[in-house]
Amino acid sequence: MADKGITTIGRCYGCKRTFGYDPERVTMFLVDSDTAVSPGSQPTPEALTRSRQEPVCPDCVRRGRHARQDDGPTWPRGTA
Ligand SMILES: [Zn+2]
């Protein structure tokens, strides 16, 4: 059964829908609770302290992957 590992219910960070997931396999997104966005690839210690892991549902993971593929070559990396 595909549902075998689903032991946790949470709210998707992307679309806010409630879904069941396997905490060992779900995609988690680090969110700064002050700004409600990711603290980025080089977060400050303060941002990390405020941050929490939010689960992302499979639909949003797929959408995110698709978006990343679309603008992959021009993805702005290390603009600092
Ligand atoms: Zn979602």
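As shown above, the structure is provided for reference.
This structure is a prediction, so every number in the text was calculated from the model and none was measured.

Scanning the chain from N- to C-terminus turns up 2 helices and 4 strands. Ordering the α and β elements of the chain from the N terminus gives β-β-β-α-β-α. When the 80 residues of the chain are sorted by exposure, 8% land in the buried category. The contacts in the chain between residues at least 6 apart in sequence include a share of 38% that link residues at least 24 apart.

The next thing to look at is the environment of Thr35. By the secondary structure assignment, Thr35 is in the loop between β3 (27-32) and α1 (45-50). Looking at Thr35, the number of C-beta atoms within 10 Å reads 11, which means it is exposed. Along the backbone, Thr35 and Ala47 are 12 residues apart, and their C-alpha atoms lie at a distance of 9.4 Å.

Take the environment of Met28 next. One can find Met28 in strand β3. For Met28, a count of 14 C-beta atoms within 10 Å puts it in the partly exposed group. Contacts of Met28, omitting those with residues within four sequence positions, involve Gln53, Glu54, Pro55 and Val56.

Once that is clear, we can look at unusual backbone geometry. We note that Lys16 has phi near 70°; this positive angle belongs to a residue other than glycine. Residue classification places Lys16 among the exposed residues on the basis of 9 C-beta atoms within 10 Å. Non-glycine residue Ala36 carries a positive phi angle of around 65°. Residue placement: Ala36 occurs in the loop between β3 and α1.

A few words on the pairing of strand β1 (residues 8-11). Along a regular strand, successive side chains alternate from one face of the sheet to the other. In terms of strand pairing, β1 meets strand β2 (residues 18-21) through 4 bridges, oriented antiparallel. Bridging across to β2, Arg11 finds its partner in Thr18. Two successive antiparallel strands, β1 and β2, enclose a turn made up of 6 residues, where Lys16 displays a positive phi of approximately 70°.

The rules behind these values
- The residue count restarts for each chain, going from 1 along the sequence in the order it is written.
- The predicted origin of the model limits local features to residues at a pLDDT of at least 70 and limits the giving and counting of side-chain atom pairs to 80 or more, whereas totals for whole chains, interfaces and linings rest on all residues.
- Here a helix means four or more residues in a row that DSSP labels H or I, a strand means two or more in a row labelled E, and each is numbered from the N terminus.
- Neighbour counting defines burial: a residue surrounded by 20 or more other C-beta atoms within 10 Å of its own C-beta is buried, one with 12 or fewer is exposed, and intermediate counts give partly exposed, using backbone-placed C-beta atoms.
- Contact between two residues is assigned when their C-beta atoms, built from the backbone, lie within 7 Å.
- Pairing between two strands is assigned when DSSP locates at least 2 bridges connecting them.

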